[in-house]
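The lines below spell out each chain.
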Amino acid sequence: MGKPTGFLEKTRVLPKNEDSKSRLKHYNEFVEKTTPEFVSEQASRCMDCGVPFCHNGCPLGNIIPEFNDAVYRQKWDEAYKILSATNNFPEFTGRICPAPCEQSCVLGINQPAIAIEFIEKNIVEEAFKRGFVKPRLPKSRTGKKVAVIGSGPSGLACADQLNSAGHSVTVFERAQEAGGLLRFGIPDFKLEKSVVQRRVEVMKEGGIEFKLGVNVGVDVTAEELLKDFDAIALCVGSTVPRDIPIPGRELKGVHFAMDFLSQQNTRNAGKTENRNHKGELVEEIFATGKKVIVVGGGDTGSDCVGTSNRHGALSVMQIELLAKPPVGRSEQTPWPQWPMMLRTSSSHEEGCDRRWALFTKEFVGDDNGNLTGIKVAEMGWSDPEPGKKPAWEVIEGTEQVLPCDLALLAVGFLHPQFEGLLKNLGVTLTDRGNVSDVKYKTNADKVFVAGDARRGQSLVVWAISEGRECAYYVDEFLMGTSNLEKRDEGLHAVVEKY
Ligand SMILES: Cc1cc2nc3c(=O)[nH]c(=O)nc-3n(C[C@H](O)[C@H](O)[C@H](O)COP(=O)(O)OP(=O)(O)OC[C@H]3O[C@@H](n4cnc5c(N)ncnc54)[C@H](O)[C@@H]3O)c2cc1C
Ligand code: SF4
């Protein structure tokens, strides 16, 4: 343990964000720089608990008390070794993870939790600065070839693990750049793309081959893949967006959030063509001078808020179907569970009118087919009986039209795209349309699956965890046994509940 009295002497402090007026003028990350001493002071608060609930709260099983101790002693090489043993990409999770570990931190019962995510980000940034991040070159090659389809966090983690086990890995990606939603969904102001590219370069140095701009199922057939590779890992994400099929959906000015977000990320990268994340040419969408309504109260919606404000929208509103959650942890989700509570992102702080319990009834337009408003009605939510979902009803007489000339639909994703690759491989699906599996293996011979394509739309930390688990089972399939790190099944089942 670092400093036994650390948590009594210091409270949780994080570096300041650049002032919102000034950060709205650019798309870069805006958290102010810090010093190793500052990070060490934060790590000194860790109590090295006998039962570290933080560790259980993390889908990767990150060994948090140990790296906190190393950071307190400013042993950055040791801290990075501990962290990278369970997390291939702490530079991603250290920036954009909702940090379930912090919600389970024991200190969080009666004090602000340890700043685990902040510490994680600084361990990996110090490691890059000090040259500790090296390509993971295997001692020898097995002669086995694996194709990883998709270069999102699950595909990258799967590829990194399999390469370190000695297999020759080729990552196929239909977009022009690697990273999946890290590159084309999550805005630069949360995760700069140089951070993604930096990791891809390390992986290339380690021997992983990236084939970009290759739509598998179209440019390369399933048969060719099966002939050329000993195993295939499908890490294709959950890319079919949920639509809102109500009157007026066809009006000019109603768009899917991902078309809007991926365009801006592409623009930031200096590309002049407007392509969506599937590489398709799409109409240019700007929020400049518009009355924007983001439909959907989640993370994707919040990213649309931040991007719209950077475009210079006239007004930005975010509407949500569910009732407003409680401001703090409620009795329904006691510690150490993931709390259902109001979350205010940095994008919300930059300016947004947030409304809850609104049912979207119709997109309203003018004679020229342009969107002019959204007709909504208030919803009444009843408290759920134990074990049951809350009931709701639209309240009569509460209809109103909210003025709007750009509506961004951010109501989630349904499942992976079945037409093409998945259909050609003959994989079976769950009743939700995700790829079904037993221990990451699909029904198709030598075909595995991981990430959002398997578990449904989720988080980056889960995608990395899935990629690692999948790699273990691919390695076992190829070699009969595997030395790759694997999470404890019992523990995984507990974490999975949150
Ligand atoms: C806008 C947005 C913001 C988000 N913000 C956060 C956040 O802040 N924190 C967080 O933890 N999570 C966030 N998420 C969720 C997170 O990004 C995903 O859960 C995660 O990226 C899933 O990883 P994946 O590897 O399974 O899939 P993806 O990241 O979707 O990657 C799948 C890849 O497969 C490729 N692909 C698909 N089919 C083919 C094919 N046939 N041939 C070749 N390539 C193919 C796709 O082009 C894509 O690059 C966000 C999601 C969105 C949409
Ligand atoms: S639960 Fe919190 S205080 Fe305890 S070991 Fe984990 S990070 Fe440290």
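This is a predicted model, so every value here is computed, not measured.

Rules used throughout
- Residues numbered from 1 in each chain as written.
- Chains lettered and ligands numbered in written order.
- Predicted model: local features only at pLDDT ≥ 70, side-chain atom pairs only at ≥ 80, totals over all residues.
- Heavy atoms only, no water.
- Helix = DSSP H or I, 4+ residues; strand = E, 2+ residues; numbered from the N terminus.
- Rg over C-alpha atoms; globule rule 2.2 N^0.38 Å.
- Contact = heavy atoms within 4.5 Å.
- Areas by Shrake-Rupley, 256 points an atom, 1.4 Å probe, with all protein chains shown as cover.
- Lys, Arg positive; Asp, Glu negative; His and termini not counted.
- Charge placed at Lys NZ, Arg CZ, Asp CG, Glu CD.
- Buried < 20%, exposed > 50% of the residue type's maximum accessible area, 1.4 Å probe, protein only.
- Right-handed = clockwise from strand over helix to strand, strands pointing away.
- Pairing = 2+ DSSP bridges.
- Near = heavy atom within 4 Å.
- Polar contact = N/O pair within 3.5 Å; in protein donor to acceptor, adjacent residues only side chain to side chain.
- Axes fitted to C-alpha atoms, helices over the stretch in contact; angles between N-to-C directions.
- Nonpolar A, V, L, I, M, F, W, Y, C, P; charged D, E, K, R; others polar.
- Left-handed = near helix turned anticlockwise from the far one by under 90°.
- Parallel < 35°, antiparallel > 145°, perpendicular 65-115°, else oblique.
- Core = buried A, V, L, I, M, F, W, Y, C linked by side-chain atoms within 4.5 Å.
- Salt bridge = Lys/Arg side-chain N within 4 Å of Asp/Glu carboxyl O.

Our focus in this paragraph is the overall build of the protein chain. Looking only at helices and strands, the protein chain has 20 helices and 16 strands in total. By the compact-globule yardstick of 23 Å for 498 residues, the protein chain fits well, its C-alpha radius of gyration being 23 Å. With respect to the three principal axes, the spread of C-alpha positions in the protein chain is 70 × 65 × 50 Å. Taking the intrachain contacts of the protein chain between residues at least 6 apart in sequence as the baseline, contacts between residues at least 24 apart amount to 68%. Carbon and sulfur atoms form 51% of the exposed surface of the protein chain, whose accessible area is close to 22400 Å². If you average the places of the 61 positive and of the 68 negative side-chain charges in the protein chain, the two averages end up 3 Å apart.

Let us now look at the pairing of strand β8 (residues 315–319). Counted residue by residue, β8 has four buried out of five residues, so it is predominantly covered. Viewed along the sheet, the connection from strand β7 (residues 291–295) through helix α15 (residues 299–311) into β8 turns out right-handed. As paired strands, β8 and strand β9 (residues 353–355) are joined by three bridges and run parallel to one another. Bridge pairing links Ile319 to Arg355 in β9.

What follows concerns the site of ligand 1. Surveying the vicinity of ligand 1 reveals 33 residues, the closest of which are Ile96, Ser154, Glu173, Asp452 and Val460. Taking Ile96, its main chain carries an N or O atom lying 2.8 Å from a nitrogen atom of ligand 1. At 3.4 Å from an oxygen atom of ligand 1 is found a main-chain nitrogen or oxygen belonging to Leu459. Relative to its unbound accessible area of 1000 Å², ligand 1 is 96% covered by the protein chains. Going through the elements one at a time, α10 (153–164), β2 (168–173), α14 (257–268), α15 and α19 (460–479) are the ones with two or more residues in the shell around ligand 1.

What follows concerns the sheet that holds strand β16 (residues 447–449). Taking strand neighbours across the sheet as the criterion, the five strands line up as β3-β2-β1-β4-β16 in an open arrangement whose pairing is parallel. Every interior strand has two partners, whereas the edge strands, β3 (209–212) and β16, have only one. In this sheet, neighbouring strand axes are inclined to one another by 20° on average, regardless of whether the strands run parallel or antiparallel. Relative to β16, strand β4 (residues 231–234) is paired through three bridges, and the arrangement is parallel. Bridging from a neighbouring strand, Ala233 pairs with Phe448 of β16. The sheet contacts of α19 involve β1 (145–149), β4 and β16, and relative to β16 the element is tilted by about 165°.

A few words on the site of ligand 2. Of all residues adjacent to ligand 2, which total 13 residues, the nearest are Cys46, Cys49, Cys54, Cys105 and Val106. Looking at which element gives the most residues to the shell around ligand 2, the answer is helix α5 (residues 64–72), with three residues. The class makeup of the residues in the shell around ligand 2 is 11 nonpolar, one polar and one charged.

Axis separation between α10 and α19 bottoms out at 7 Å; the angle between their running directions is 35°. As α10 packs across α19, the resulting crossing turns out to be right-handed. Taken together, the residues of α19 that come into contact with α10 (itself represented by Pro153, Ser154, Ala157, Cys158, Gln161 and Leu162) are Val460, Ala463, Ile464, Gly467, Arg468, Cys470, Ala471, Val474 and Asp475. A breakdown of the residues in the contact of α10 with α19 according to their chemical character gives 10 nonpolar, three polar and two charged.

Packing of α14 against α15 brings their axes to within 10 Å, and their N-to-C directions diverge by 50°. By the angle between their directions, the pair α14 and α15 is classed as oblique. Here the hand of the crossing between α14 and α15 comes out left-handed. On α15, the residues touching Ala257, Phe260, Leu261, Gln264 and Arg267 of α14 are Thr300, Asp303, Cys304, Thr307, Ser308 and His311.

Grouped burial of nonpolar side chains is what soluble globular proteins tend to show. Of all hydrophobic cores here, the largest spans 71 residues; its most connected members are Phe92, Ile119, Ile123, Val148 and Leu182. Core analysis: the next-biggest nonpolar cluster, separate from the first, contains 20 residues, Val216, Val220, Leu225 and Val449 among them.

Attention now moves to the environment of Leu459. Topologically, Leu459 is positioned in the loop between α18 (452–455) and α19. In this structure Leu459 comes out as partly exposed when scored by relative accessible area, which is 29%. Along the chain, Leu459 and Thr86 lie 373 residues apart, while their C-alpha atoms are 16 Å from each other.

For the rest of this paragraph, the subject is the sheet that holds strand β6 (residues 254–256). In spatial order, the strands read β6-β14-β7-β8-β9; together these five strands make up an open sheet with parallel pairing. Looking at the sheet topology across the chains shown, the edges are occupied by β6 and β9. Geometrically, the sheet is characterised by an average inter-axis angle of 20° between neighbouring strands, direction not taken into account. Each of β6 and β14 (406–409) is contacted by α14, which is oriented at about 70° to β6, the strand it contacts most. Here α15 sits on the sheet and contacts β7, β8 and β14; the angle it forms with β8, its principal contact strand, is near 175°.

Here we come to the pattern of salt bridges. One pass over the full model with this rule turns up 29 salt bridges. For Asp303, the salt bridge is made with Lys190, and the minimal N-O distance between the two is 2.9 Å. Of the two residues, Asp303 is situated in helix α15 and Lys190 in the loop between α11 (181–184) and α12 (193–205); the sequence distance between them amounts to 113 residues. Assessed through its relative accessible area of 25%, Lys190 is described here as partly exposed. Here Lys204 and Glu201 are joined by a salt bridge, their closest N and O atoms 3.6 Å apart. Of the two residues, Lys204 and Glu201 are both situated in helix α12; the distance of three residues between them amounts to about one turn of the helix.

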